[in-house]
Amino acid sequence: MKENLAHGPGPIGIFDSGYGGLTILHSIRALLPEYDYVYLGDNARAPYGSRSFDVVYQFTRQAVMRLFRMGCQLVILACNTASAKALRTIQMNDLPAVAPARRVLGVIRPTAEIIGHLTRSGHVGILATEGTIRSQSYSMEIKKLWPNITTTGVACPLWVPIIENNEADSPGADYFVQKRINTIMQLDSAIDTIILGCTHYPILLPKINRYIPASVSVVAQGEYVARSLQNYLVRHPAMNELCTRGRTARYFTTENKTKFKESARIFLAEDIDVAHIELEL
Ligand code: DGL
């Protein structure tokens, strides 16, 4: 259904199922501080990782439409699961029908683009949610760009719940982090680079670094997604003009705003103002 969306400049929208996208927003604001940003976390319905294709698509579509109504001309799906399961349909079907001039970008492509420059052995591991691994989005994107790279993906279904529930520093988290790292290294001992293919996972970096072999580098996406956005805005001056520059960031969650504010501290190390919103079709 076509809506009357306001034209004119607006903030850049950043969407994630929960807190994970804050790691991406953090990197984007470090590189591109001059713009305005609106962050939307669907914490009430997170995690998305084990949900079906259709549900992730519907939830993501609702969030993108809400960000459009808030005036965003450009939205980043700062969530691998949404990028894997919803981005293509939104770009191919929804945008032409409801908002042909607006753009929605994901986080998988920018990560796939850089990976060939980071691996030396040509063996790359991907740790991500069940949904992202099952979609095979990483292996397909990487194959297209770097046909000689061998990829191995392992799903870490408990990592997001651990983080969303504020247990990332707990001793219990060590068990699950070590288990998945052992699994991926047993599947391919030639892996020299591991992509954290979920925007939540950088929060577990201290533990990941504890268990990863010294010869393996870990790639968190924030920096690469930020550089890719910078590049996109240079290549698309008309869209760049439609992104307002007031150096602000506003935060919205579908969960309780006090809870979001407290947990967001772990991701952003700063105090923020948060508003609650409901998402609907
Ligand atoms: N942060 C998300 C991702 O990058 C999603 C996690 C989830 O909701 O399961 O995949």
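From a predicted model like this one, the values you see are computed outputs, not experimental measurements.

Calculation criteria
Position numbers for residues count from 1 along each chain, tracking the sequence in the order it is written. A pLDDT threshold of at least 70 governs which residues receive local features in this predicted model, and a stricter bar of 80 or more applies before side-chain atom pairs are shown or counted, although totals over entire chains, interfaces and linings include all residues. Excluding hydrogens and water, the side-chain figures rest on all heavy atoms present in the structure. Where helices and strands are cited, they refer to DSSP runs of H or I of at least four residues and of E of at least two residues respectively, numbered from the N terminus. The globule rule used for comparison is 2.2 Å times the number of residues to the exponent 0.38, while the radius of gyration itself is calculated over C-alpha atoms. Categorising residues by exposure relies on relative accessible area from a 1.4 Å probe, with only protein chains included: less than 20% of the type maximum marks a residue as buried, more than 50% marks it as exposed, and the intermediate range marks it as partly exposed. Residue-level accessible areas treat just the shown protein chains as cover; the underlying method is Shrake-Rupley with a 1.4 Å probe. By the counting rule applied here, Lys and Arg register as positive and Asp and Glu as negative, while His and the ends of each chain are not counted. To locate a charge, take NZ of a lysine, CZ of an arginine, CG of an aspartate or CD of a glutamate. Contacts were defined at the residue level, with two residues in contact if any of their heavy atoms lie within 4.5 Å. Pairs of N or O atoms within 3.5 Å make up the polar contacts considered here, provided that, within protein, one atom can donate a hydrogen while the other can accept it, and that residues adjacent in sequence are counted only when both atoms are side-chain atoms. Paired strands are those between which DSSP finds at least two bridges. An axis is simply a line fitted to the C-alpha atoms; with a helix, the fit covers only the stretch in contact. Between two such axes, the angle follows the N-to-C directions and lies from 0 to 180 degrees. UniProt positions are given in the numbering used here, feature names are shortened, and annotations may be inferred rather than shown by experiment. Only protein atoms enter the calculation, which uses a 1 Å grid: trapped sets of points that fit a 1.4 Å probe without letting it out are cavities, open sets showing protein on both sides within 12 Å along at least five of seven lines are pockets, and any residue with an atom within 4 Å of a point is a lining residue.

Colleague: Describe the overall build of the chain, listing the residues and the values that go with them.
Modeller: If you tally the helices and strands in the chain, you get 13 helices and ten strands. Relative to the 2.2 N^0.38 estimate, which gives 19 Å for 281 residues, the radius of gyration of the chain is 18 Å and therefore close to what a compact globule would have. Taking the principal axes of its C-alpha atoms as reference, the chain extends roughly 55 × 40 × 35 Å. Taken across its 281 residues, the chain has 54% of its residues classed as buried. As presented, the chain carries roughly 12,200 Å² of accessible surface, and 53% of it is formed by carbon and sulfur atoms. Here the chain carries 29 positive and 25 negative side-chain charges, and the mean point of each set is 4 Å from the other.

Colleague: Hey, could you go over the environment of Thr-193 for me, with residue numbers and the actual values?
Modeller: Secondary-structure assignment places Thr-193 in strand β7 (residues 193–196). Between the C-alpha atom of Thr-193 and that of Asp-169, which follows or precedes it by 24 residues, the distance is 24 Å. Contact partners of Thr-193, with chain neighbours within four places excluded, come to Ile-115, Leu-118, Thr-119, His-123, Val-124, Gly-125, Val-216, Ser-217 and Val-219. Reaching out from Thr-193, the side chain makes a polar contact with the side chain of Asp-192 at a distance of 2.8 Å.

Colleague: Residue-level account of the sheet that holds strand β10 (residues 274–276), with values.
Modeller: Strands sit in the order β4-β3-β1-β2-β9-β10 across an open sheet of six strands; the sheet is parallel. Of all the strands in the sheet, the pair left with one neighbour each is β4 (103–105) and β10. Averaged over all pairs of adjacent strands, the angle between their axes in this sheet comes to 20 degrees, without regard to strand direction. As paired strands, strand β2 (residues 37–41) and strand β9 (residues 249–253) are joined by five bridges and run parallel to one another. Residue pairing in the sheet places Tyr-39 in a bridge with Tyr-251 of β9. Along the sheet face, helix α4 (residues 87–98) touches β3 (74–77) and β4 and points at about 170 degrees away from the line of β4.

Colleague: Talk me through the UniProt feature "active site" (unreviewed entry) in the chain; I want residue IDs and the actual numbers.
Modeller: In the UniProt entry, the feature "active site" (unreviewed entry) is given for Cys-79 and Cys-198. In three dimensions, the annotated residues from a span of 120 residues occupy one location, with a maximal C-alpha spread of 6.6 Å. Among the residues just listed, Cys-79 and Cys-198 line the largest cavity. With respect to the helices, strands and loops of the structure, Cys-79 is situated in the loop between β3 and α3 (80–85).

Colleague: Help me get a handle on the pairing of β3, residues and values and all.
Modeller: On a regular strand, one side chain projects to one face of the sheet and the next to the other, so that they alternate. What you see with β3 is no split at all: Leu-74 and Ile-76 on one side and Val-75 and Leu-77 on the other are buried throughout. Bridge count for strand β1 (residues 12–16) against β3 is four bridges, and the pairing is parallel. Within β3, the residue paired with Phe-15 across the bridge is Leu-77. Two strands pair when backbone bridges link them, and β3 and β4 are joined in this way by three bridges, in the parallel orientation. Along β4, the bridge assignment pairs Ile-76 with Leu-105.

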